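Here is how the chains run, residue by residue.
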Amino acid sequence: MPLPLSQPDLTDAEITAVLEVLRSPRLALGPKVTAFEQALADYSGCRFGVAVNSGTSALHLIVRALGIGEGDEVLTTPFSFVASANCILFERAVPVFVDIDPITLNLDVDRVEAAITPRTRAILAVDIFGRPADWARLQEISRRHGLLLIEDSCEAIGARYRQPDGAWARCGSLADAGCFAFYPNKQMTTGEGGMIVTDNEETARLCRSMSNQGRDEGAGWLQHARLGYNYRLSDLNCALGIAQLQRLPEMLAARAQVATWYNEALADLPQIETPAEREGEEISWFVYVVRLTEGHTRADRDAVLAHLRAREIGCSDYFTPIHLQPYLREQLSHAPGDFPVTESVSARTVALPFYNRLTREQVAEVSAALQEGLATRSPR
Ligand SMILES: *Cc1c(COP(=O)(O)O)cnc(C)c1O
């Protein structure tokens, strides 16, 4: 049986919740939007939530609401989904990439300070694959240099980070503003959707206004206080989101179980490194990504992907470095070799099928296929 790379987990509760909205008079700008915003803000430990139609829209509005604009430099990671850099380009600001840590795959904080210039306005860090970035140090650096801090937690809903005072905080709440995404491959879905979370009332107010054509709260339908967009999320999507959020603890536990099965099944394969949780963090498992050990080439990895695909096992090469995407090579004059850790990791990753209902037997089947695929390629 073919195994997809990812699969949403929907039950009768979600179907009932959406049907209820369909039978109501409010399909948009209604009570489900407000309820979803409040529920997700509460869950993340933030004061405000603003629902929008994608994670990308959420990032864009955060950048605008924080006043980041033309020529401002924003330090960020080249190892991410492309939206985390695009949101900077949307505002004619400049993404300044900083290489990653080879174990956590998050921004290498030791390199962040050296990249700061007089034009630096912000740091945009991503909790990649659901693992919290090094927030204590990012907070300390941004405070010391007077920089804004943005958290792209689109892959990390529910992940937790232990702060220096010992208190645990959820991803999304660790910067001036954070955001989530709800495309069907994420831990929870609204079909399409996103959410901004923040403790700052003004940031929330600006984001809400810009998501709704620049209208201020309570203003007339044709009164537009500022340039805005239609980034609204409908009540149908939000009802689905509320039902998914109620099941999120159960869904995250199922994902953690699948990750544990994979880690056990793959523990004795010397050619790969498996992801492990570290002291002071709780990963929210977005994907399960292994890495061929150093010495393996991109061709080795691609052969493994081809081997898995031939057996109808969904897999992917998360992520192609952002700085090597054609338009960024051109626009920012990047070339191979600019961020060696990112490029080396990116050439060796294999994302395996990963979703809540994957069984232990299917994990064993994938692991066996991976082992066979690896046996055809030995490191130099
Ligand atoms: C999924 C994702 C986003 C936003 O995705 P949308 O498809 O716009 O909802 C942003 N950043 C990262 C790191 C992501 O994984």
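Note: the structure precedes this text.
Computed from a predicted model, the values in this text were never measured in an experiment.

Trainee: Lay out the nonpolar core with the relevant residues and their values.
Mentor: Of all hydrophobic cores here, the largest spans 45 residues; its most connected members are Leu61, Ile68, Phe79, Leu124, Phe129 and Ile196. Mapped onto this core, the elements with two or more residues apiece are β1 (48–52), α3 (55–65), α4 (83–89), β4 (120–126), β5 (148–152), β8 (177–181), α7 (201–211) and α11 (340–346). Among the elements that make up this core, the one with the highest residue count is α3 (six residues). Both domains that meet at this core, namely domain 1 (12–244) and domain 2 (248–375), each give it at least three residues. For Phe79, the residues in contact, after removing those within four places along its chain, are Ile100, Leu105, Ile128, Phe129, Tyr318, Phe319, Thr342, Val345, Ser346 and Thr349.

Trainee: Break down the packing of aromatic side chains for me, with residues and values.
Mentor: The full count for this structure, using the stated rule, is 10 aromatic pairs. Seen in terms of ring centroids, Phe79 and Phe129 are 5.8 Å apart; in terms of plane orientation they differ by 80 degrees. Their pairing is edge-to-face. Note that Phe79 is positioned in the loop between β2 (73–76) and α4 and Phe129 in the loop between β4 and α6 (135–145), a separation of 50 residues in sequence. Accessibility expressed as a relative area gives 10% for Phe129, which makes it buried. Ring-pair connections join several aromatic residues into one group, and the members of that group are Phe79, Phe129, Tyr318 and Phe319. The lysine or arginine in question, Arg170, covers the ring of Tyr43, its NZ or CZ lying 4.2 Å from the ring centre.

Trainee: Which residues make up the packing of helix α8 (residues 235–266) against helix α12 (residues 360–375), and what values do they have?
Mentor: Contact geometry of α8 with α12 gives a least axis separation of 10 Å together with a crossing angle of 40 degrees. On the basis of the axis angle, α8 is oblique to α12. In the packing of α8 onto α12, the handedness of the crossing is right-handed. Here α8 contributes Val258, Trp261, Tyr262, Glu264, Ala265 and Leu266 to the contact with α12, which in turn contributes Arg360, Val363, Val366, Ser367 and Leu370.

Trainee: Please give an account of empty space enclosed by the protein that cites residues and values.
Mentor: Applying the stated criterion to the full structure yields two cavities of 30 Å³ or more. Its volume calculated, the largest cavity comes out at about 80 Å³. As for the largest cavity, its lining consists of 16 residues, and the residues nearest its centre are Gln7, Pro8, Lys186, Gln187 and Arg255. A domain split of the lining of the largest cavity shows at least three residues from each of domain 1 (12–244) and domain 2 (248–375).

What counts, and where the lines are drawn
- Residues numbered from 1 in each chain as written.
- Predicted model: local features only at pLDDT ≥ 70, side-chain atom pairs only at ≥ 80, totals over all residues.
- Heavy atoms only, no water.
- Core = buried A, V, L, I, M, F, W, Y, C linked by side-chain atoms within 4.5 Å.
- Buried < 20%, exposed > 50% of the residue type's maximum accessible area, 1.4 Å probe, protein only.
- Helix = DSSP H or I, 4+ residues; strand = E, 2+ residues; numbered from the N terminus.
- Domains from an automatic or database assignment.
- Contact = heavy atoms within 4.5 Å.
- Phe/Tyr/Trp six-rings, centres within 6.5 Å; stacked < 30°, edge-to-face > 60°.
- Lys NZ or Arg CZ within 6 Å of the ring centre and 35° of its normal.
- Axes fitted to C-alpha atoms, helices over the stretch in contact; angles between N-to-C directions.
- Parallel < 35°, antiparallel > 145°, perpendicular 65-115°, else oblique.
- Left-handed = near helix turned anticlockwise from the far one by under 90°.
- 1 Å grid on protein atoms, 1.4 Å probe; cavity = no way out; pocket = protein on both sides within 12 Å on 5 of 7 lines; lining within 4 Å.
- Points joined across faces, edges and corners; volume = space filled by probe spheres on them.

It is worth stressing that arrangement in space is one thing and function is another; only the former is reported here.
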